[in-house]
Amino acid sequence: MNRLINKPYHTLFVLAGGLFLFSSLTSCHSSEGKEEVAEKAEAPAATEVFTLTKGKLSSTLQIPGELVAFRDVDIYAKVSGFIKTLNVDVGSEVRQGQLLALAEAPELSAQLSSAQSKLKGQEAVSIGSKANYERILEASKFSGAVSKNDVDQALAKRNADLAQLEAAKSAYREVADLKKYLEIRAPFDGIISARNASTGAYIGPSGKGSEFPLFVLTEQKKLRLVISVPEAYTGYVDQNDAVSFSVKAFPDKKFTGQVKRQAGALDKRLRSERVEIDVANTDKKLLPGMIAEVTVPLPTKNNTFIVPKSAIVNSTTGVFIIKNSNGKAEWVPVKRGLEADEKVEIFGQLTEGDQFVKAANEEIRDGSSLKAK
């Protein structure tokens, strides 16, 4: 009878013990799972790194430029006068020394005639004084015929007349040269790009009868391409570097030139250096005044550190890359150089062979754990 009464209690006791054991086992398993998840959360994700190496980076600079004539001069008359004949007009191709215009000035002709007469008169006087000196000198060789004082006076007269003769020759040449300036000639080969006078017009030196030049002569077969190179790129441009450019008149054609002149100083307003490029223009397709789109090659002179553009972080604290220093992230400050093909030239306290994060960002804090892959 007692056994029948105690059996339910015994069953409940067994069930309670089983539940307690199951609960304990479940609790242990859950605790172990949480610890594993925590360990996985604390482990840093693998980060791709690269090895720092040196190389040469070649980039280009796109800047506007202007084509100007290699030589371009305003031609004025040297002396005042009137245009007698005009031999050229706008667009005329001329050679050095070619007669462009002939002017006339009657007063110059009169001055030349006067100077010529004075010259001839002085030549006659000089011939006479020379002959007189030679006679007196010959007579002085005989004792008592001529005194030494007479010889000295004759010599002085001859020398004075010779000096007057030279002055007369100089005056004649001066007027003759002035008259030559009535012939207006080309100082070099080129094309007449402007004409501001007609036959019969009064001409003269600048400001004395001529407000505008008589002609503008432009050398067209050789041009200067003028560009302004920003301060940051001046160290990459050297003499004889080849550049290419295009103009709107011929958008499908590339022209080339060579760097020949550099200012050697920066423009104080633009903070750039004036660079001149010589351009051959034998076919005369290019015209002075054209605006060009210039491509300047910028090769690095020496081997420098080259990194992917993604490895550089621009933050409020500066520019840096992230180094893998024995499993720890280390921010290394750098300065940027040239950029090309998603690569950047950098400078700083760097050592070749060190490893750096390829895709860097500010979330990788300085000193944090870093797992490289």
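Residues numbered from 1 in each chain as written. Predicted model: local features only at pLDDT ≥ 70, side-chain atom pairs only at ≥ 80, totals over all residues. Heavy atoms only, no water.

- Per an unreviewed UniProt entry, the chain goes by Efflux RND transporter periplasmic adaptor subunit and derives from Spirosoma agri.
- The record held by UniProt for the chain lists under Sequence similarities (unreviewed entry) the comment "Belongs to the membrane fusion protein (MFP) (TC 8.A.1) family." (UniProt positions renumbered as here; feature names shortened; annotations may be inferred.)

**Comments concerning the environment of Thr-60**
- Mapped onto the elements of the fold, Thr-60 is located in strand β4 (residues 58-69).
- The exposure class of Thr-60 is partly exposed, given its relative accessible area of 47%.
- With 237 residues separating them in the primary sequence, Thr-60 and Pro-297 have C-alpha atoms 4.4 Å apart.
- Residues within four places of Thr-60 in sequence aside, it is in contact with Thr-295, Val-296, Pro-297 and Leu-298. (Helix = DSSP H or I, 4+ residues; strand = E, 2+ residues; numbered from the N terminus. Buried < 20%, exposed > 50% of the residue type's maximum accessible area, 1.4 Å probe, protein only. Contact = heavy atoms within 4.5 Å.)

**Details of the environment of Ser-114**
- Mapping Ser-114 onto the fold places it in helix α2 (residues 106-139).
- Once the C-alpha coordinates of Ser-114 and Tyr-172 are considered, the two residues, 58 residues apart in sequence, prove to be 8.5 Å apart.

**Examining the sheet that holds strand β8 (residues 99-104)**
- A sheet is described by the order of its strands in space; here four strands give the open sequence β9-β8-β6-β11, paired in antiparallel fashion. The open sheet terminates on both sides in strands that have one partner only, identified here as β9 (183-185) and β11 (202-203).
- In this sheet, β11 lies alongside strand β6 (residues 81-86) in antiparallel orientation, the contact comprising two bridges. Note on β11: the bridge partner recorded for Gly-81 is Ile-203. (Pairing = 2+ DSSP bridges.)

**Considerations on the packing of α2 against helix α3 (residues 148-180)**
- In the contact formed by α2 and α3, the axes pass within 8 Å of each other and the chain directions differ by 160°. In terms of orientation, α2 lies roughly antiparallel with respect to α3. The chirality of how α2 crosses α3 is left-handed.
- Taken together, the residues that form the contact of α2 with α3 break down as 19 nonpolar, eight polar and nine charged. (Axes fitted to C-alpha atoms, helices over the stretch in contact; angles between N-to-C directions. Parallel < 35°, antiparallel > 145°, perpendicular 65-115°, else oblique. Left-handed = near helix turned anticlockwise from the far one by under 90°. Nonpolar A, V, L, I, M, F, W, Y, C, P; charged D, E, K, R; others polar.)

**Let's talk about the nonpolar core**
- Formed by 27 residues in total, the largest nonpolar core has its most connected members in Leu-67, Leu-225, Ile-227, Phe-245, Leu-286, Val-294 and Val-296.
- When we break this core down by domain, the ones giving at least three residues each are domain 1 (49-58 + 303-369) and domain 2 (62-68 + 220-299).
- If we skip the residues at most four places from it in the chain, Leu-225 touches Gly-65, Glu-66, Leu-67, Phe-245, Val-275, Glu-276, Ile-277, Val-279, Ala-292 and Val-294.
- Among the nonpolar cores identified, the runner-up in size contains 21 residues, and Val-94, Ala-101, Ala-105 and Leu-214 belong to it. (Core = buried A, V, L, I, M, F, W, Y, C linked by side-chain atoms within 4.5 Å. Domains from an automatic or database assignment.)

**Concerning the confidence of the model for the chain**
- Of all residues in the chain, 86% have pLDDT values of 70 or greater, and the mean over the chain is 84.
- In this model, residues 1-16 is a region of pLDDT below 50 whose contacts with residues beyond four sequence positions or in other chains number zero contacts.
- Within the model, the stretch residues 25-43 combines pLDDT values under 50 with zero contacts to residues more than four positions away or in other chains. (pLDDT = per-residue confidence, 0-100.)

**Regarding the side chain of Thr-295**
- Relative to the elements of secondary structure, Thr-295 occurs in strand β17 (residues 291-299).
- Relative accessible area serves as the criterion here: at 15%, Thr-295 is assigned to the buried category.
- There is a polar contact of 3.1 Å between the side chain of Thr-295 and the side chain of Gln-62.
- Each residue touching Thr-295, except ones within four places of it in the same chain, is listed here: Thr-60, Leu-61, Gln-62, Val-243, Ser-244 and Lys-254. (Polar contact = N/O pair within 3.5 Å; in protein donor to acceptor, adjacent residues only side chain to side chain.)

**Let's talk about unusual backbone geometry**
- For Lys-284, which is not glycine, the phi torsion reads 60° and is therefore positive.
- Checked against the element boundaries, Lys-284 lands in the loop between β16 (272-280) and β17.
- For Lys-284, a relative accessible area of 27% puts it in the partly exposed group.
- One non-glycine residue, Asn-326, lies in the positive phi region at around 55°.

**Points about the pairing of β8**
- Two strands pair when backbone bridges link them, and β6 and β8 are joined in this way by four bridges, in the antiparallel orientation. Bridge pairing in β8 places Thr-85 opposite Leu-102.
- Two strands pair when backbone bridges link them, and β8 and β9 are joined in this way by three bridges, in the antiparallel orientation. Bridged to Leu-102 within β9 is Glu-183.

**As for the pattern of salt bridges**
- Within this structure, the stated rule accounts for 18 salt bridges.
- Lys-284 is the partner of Glu-93 in a salt bridge, and the nearest nitrogen-oxygen pair spans 2.2 Å. Taken together, the residues span a long stretch of sequence, with Glu-93 in strand β7 (residues 93-94) and Lys-284 in the loop between β16 and β17 at a distance of 191 residues.
- The partner of Asp-278 in a salt bridge is Lys-222, and the shortest N-O contact between them spans 3.9 Å. You can see Asp-278 sitting in strand β16 and its partner Lys-222 sitting in strand β13 (residues 222-230), a full 56 residues away along the chain. (Salt bridge = Lys/Arg side-chain N within 4 Å of Asp/Glu carboxyl O.)

**Section: the sheet that holds strand β14 (residues 242-247)**
- If you trace the six strands once around the closed barrel, you get β4-β13-β16-β15-β14-β17, paired in antiparallel fashion. Sheet twist, expressed as the average angle between the axes of neighbouring strands with direction ignored, equals 40°.
- Sheet topology note: the β4/β13 ladder contains five bridges and is antiparallel. Bridge pairing links Leu-67 to Leu-225 in β13.

**Examining the packing of aromatic side chains**
- Within the structure shown, the criterion is met by five aromatic pairs.
- Taking 4.1 Å as the distance between ring centres and 15° as the angle between the ring planes, the aromatic pair formed by Phe-320 and Trp-331 counts as stacked. With a gap of 11 residues between them, Phe-320 in strand β20 (residues 318-325) and Trp-331 in strand β21 (residues 328-340) connect regions that are remote in the sequence.
- Since its relative accessible area comes to 4%, Phe-320 is described here as buried. (Phe/Tyr/Trp six-rings, centres within 6.5 Å; stacked < 30°, edge-to-face > 60°.)

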